[in-house]
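Observations on the three-dimensional arrangement
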Amino acid sequence: QIKAQHSKNSPKSLLNNTKMGKGSNVQKAQAARERNQKKQGKSEEERRAAAAKSAKDSAAYVCLICKQTFMVNATKSVLYLHVTSKHPVGTDPVSCFTQLQGFDPNDPKGLKAKAAEDAKKAELAAKKKKKAAKGGMDDLDALLNAGLTKSKKK
């Protein structure tokens, strides 16, 4: 009597190793559970966290004089507008909002300041390049002369 041994590649072993998919009722129940979780909405912890975040964002900027609050998305130009419209003429904008330090109302996005800064950097780079081109030869000549005048000691 010869017993047939099942090899790993035999059809019978392949049938035993396959996994069956979930039944249709299981899939329906799982989909229903997911829908119910979405309907429930946020948990109590999530609600508290969202409320704390919105409270923090709503009072991101506070006028130091009148204590009016501004949302986190308020721009510097909006803050400056508050200073000019709600407070007496001549009020220093920095006395209301420290964020307005260095703010130019004529250049609210800072484009003019950036252009001036870039021009200054370009001018300094040009001066440095010119100096390097001119001074490089002088430095090279000075190094060569120093090397030639030194005597070797033995």
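It should be noted that the structure appears before, not after, this text.
These remarks concern the structure in this document. Computed from a prediction, not measured in an experiment: that's the story for all the values here. (Residues numbered from 1 in each chain as written. Predicted model: local features only at pLDDT ≥ 70, side-chain atom pairs only at ≥ 80, totals over all residues. Heavy atoms only, no water.)

1. A few points about helix 4 (residues 76-86)
Each full turn of the α-helix corresponds to 3.6 residues, which orients residues three or four apart in the same direction. Note the following rule: Note on exposure labels: buried denotes an accessible area under 20% of the residue type's maximum, exposed denotes more than 50%, and partly exposed covers the range between, all computed with a 1.4 Å probe on protein chains only. The helix and strand labels rest on DSSP assignments: H or I over at least four residues marks a helix, E over at least two residues marks a strand, and numbering proceeds from the N terminus. Arc definition: it is the arc formed by the directions from the helix axis to the C-beta atoms. Any pair of residues with heavy atoms lying within 4.5 Å of one another is described as a contacting pair.
Among the residues of helix 4, those classed as buried are Leu-79, His-82 and Val-83. Seen along its axis, helix 4 keeps its buried residues to an arc of 95°; they face one direction. Across helix 4 from its buried face, at more than 90 degrees, point the exposed residues Leu-81 and Ser-85. Where helix 4 is buried, its residues contact strand 1 (61-62), strand 2 (69-70) and helix 5 (93-96).

2. Some details on the pattern of salt bridges
To keep things clear, this is the line we draw: Each salt bridge in this description consists of a side-chain nitrogen of Lys or Arg and a carboxyl oxygen of Asp or Glu lying within 4 Å of one another.
As enumerated under the stated definition, the model contains four salt bridges in all. With its nearest N and O atoms 3.4 Å apart, the salt bridge here joins Lys-114 to Asp-118. Within this pair, Lys-114 and its partner Asp-118 are both found in helix 6 (residues 111-149), separated by four residues, close to a single helical turn. In this structure, Lys-127 and Glu-123 form a salt bridge, with 3.8 Å as the shortest nitrogen-oxygen distance. Taken together, the residues Lys-127 and Glu-123, both in helix 6 and four residues apart, mark about one turn of the helix. Assessed through its relative accessible area of 53%, Lys-127 is described here as exposed.

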